[in-house]
Amino acid sequence: MGSSLFWYKNWTWLGALYFLMNPDFAIDEFINNVSDVVVEDSWDVDKLLQILPEEYVVHIVEKIRPPTTQDALDIPFWSLESRGNFIVSSAWNYLRRRQDQRNAFNKMWVKGMPFKISFFLWKAATKVWSYFLTRAGINMEGLTLHRAIVKCWTATVIPKLEPILQALPAVIIWELWKRRNNFKHGEVVLVSRVIYQASSVLQSIVKVRKPTMLNVPHKWLELLQRMENYTPDLQFKKVLWEFPALGWIKVNTDGASRGNPGRSSIGFVLRNEEGNVVYARGKEIPETTNNEAEAWAILEGLSYCVNQQYTQVLIQTDLMPLKNVLDEVWIAPWNVTEIVEEINKLRHRCTITFTQLLREGNRLADYLANYALDFGNIEATGFTDLDTHGKKIVNNDKMQCPYLRVKPKRN
């Protein structure tokens, strides 16, 4: 552990200390390795208190053994396995849990920004940084490169500007890296040229993200002002829940996964040709993905219909890919194959039609799925068993009150 980087390795088992610190916390750049805070095989508590908040010092002193051999290289230990051996399955399970990723790594990737720029996120120059950061309202005084990047990623700005500031460090560093390579091969590139090229990339990012914005400014300050004042033209679409045909049962289904994968639930509701609730259910299921939860909801709803001997069933989902899988237009993804096979076993026991509707028309199934996660499982054998909000959705659907889907208008 002694040779581990003090700020950037997870030697405390809390995560890298650099990313745990508040953005305004002053990092001591003179502390490089863990061994720098060890004296005679014991923690140098006074030095730790000088460079870290007290809560982290207490954790280190009480929970972490100080390294005793400071001249020896560390032996890697895979912390996701008790034996310390690397196993691919544990790495996969860790990486696919997106909610556990560190904010700093998520911020490197921005829609519209070329991959090569995100890949080369290093190198810097003061004048270029100062040009962009000061115009964005970020004080450059006393900032290290790492702090400048974090400032861009954590700046308090309106949501429209967040992706642009998120992309800014990568764009600057990419252009500086290109300048360094030009110098290496004998070509002089002025700072003004670097600023111009970085501004061009930022302009192109805005064009990708805001395709309806006309005459996107090239100058950085004008671009920021335009983004702050920009309001896109909107398009509206009316969405209705539709009654099933006479003699048919309509089943609206939905699945929820908070974290994808994460805590998951399903919701489904059966209604007759008059729009009356025949049966409704929302329940939590084992942790899974959105697609699996959606498929699971269809399976549960269809199983109930078969058990009740309904002969004509219309199943609606708001997930078009799943509808295409059930119609055998697409091949089932590996993670829902078993559920789809179970659905196919049941579909021959009655007349079934699968349709897709927009999310806004699937309000009741969506509400039941989220109710299960927020308050616990819910089951209703009729309208009176629903809570107030559920009853309101049913009444709105029966009265054909439209829901509005609002989206930015495309050129």
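Residues numbered from 1 in each chain as written. Predicted model: local features only at pLDDT ≥ 70, side-chain atom pairs only at ≥ 80, totals over all residues. Heavy atoms only, no water.

## A look at the overall build of the chain
Right, so step 1: Helix and strand content of the chain: 16 helices and 10 strands.
Right, so step 2: The proportion of buried residues among the 411 residues of the chain is 42%.
Right, so step 3: Long-range pairs, those at least 24 residues apart, make up 66% of the contacts in the chain with a sequence separation of at least 6. (Helix = DSSP H or I, 4+ residues; strand = E, 2+ residues; numbered from the N terminus. Buried < 20%, exposed > 50% of the residue type's maximum accessible area, 1.4 Å probe, protein only. Contact = heavy atoms within 4.5 Å.)

## A word on the sheet that holds strand 9 (residues 378-380)
Right, so step 1: Strand order in this open sheet of six strands is 8-7-4-5-6-9, and the pairing throughout is mixed. Each edge of the open sheet carries a strand with a single partner, namely strand 8 (351-356) and strand 9. Taking each pair of neighbouring strands and ignoring which way they run, the sheet shows an average axis angle of 20 degrees.
Right, so step 2: Two strands pair when backbone bridges link them, and strand 4 (residues 249-258) and strand 7 (residues 312-317) are joined in this way by four bridges, in the parallel orientation. Across the sheet, residue Val251 finds its bridge partner in strand 7, namely Ile315. (Pairing = 2+ DSSP bridges. Axes fitted to C-alpha atoms, helices over the stretch in contact; angles between N-to-C directions.)

## Some remarks on the pattern of salt bridges
Right, so step 1: The tally for this structure, following the rule as stated, stands at nine salt bridges.
Right, so step 2: The shortest N-O distance in the salt bridge between Lys345 and Glu342 comes to 3.5 Å. With a gap of three residues between them, Lys345 and Glu342 both fall in helix 14 (residues 337-347), about one helical turn apart.
Right, so step 3: By relative accessible area, Lys345 is classed as exposed at 57%.
Right, so step 4: Connected through salt bridges with shared partners, the residues Arg359, Glu360 and Arg405 form a single ionic network. (Salt bridge = Lys/Arg side-chain N within 4 Å of Asp/Glu carboxyl O.)

## Some words on helix 3 (residues 54-63)
Right, so step 1: Those residues of helix 3 not exposed but buried are Tyr56, Val57 and Ile60. For helix 3, the buried positions fall inside an angular range of 105 degrees around the axis, keeping them on one side. Residues of helix 3 that are exposed and point more than 90 degrees away from the buried face comprise Glu54, Glu55, Glu62 and Lys63.
Right, so step 2: The inward-facing, buried residues of helix 3 abut helix 1 (17-20), strand 2 (42-43) and helix 2 (45-51). (Arc of directions from axis to C-beta.)

## Regarding the packing of aromatic side chains
Right, so step 1: For the structure on display, the rule yields 12 aromatic pairs.
Right, so step 2: Taken together, a centroid distance of 4.9 Å and an interplanar angle of 85 degrees make the contact between Tyr131 and Phe132 edge-to-face.
Right, so step 3: The buried category is assigned to Phe132, whose relative accessible area is 0%.
Right, so step 4: A centroid spacing of 5.4 Å and a plane angle of 65 degrees characterise the contact between Phe132 and Trp220, whose relative ring orientation is edge-to-face. Remark: Trp220 occurs in helix 11 (residues 220-229) and Phe132 occurs in helix 7 (residues 126-135); sequence separation between them is 88 residues. (Phe/Tyr/Trp six-rings, centres within 6.5 Å; stacked < 30°, edge-to-face > 60°.)

Function cannot be inferred from these measures alone, as they are strictly geometric.
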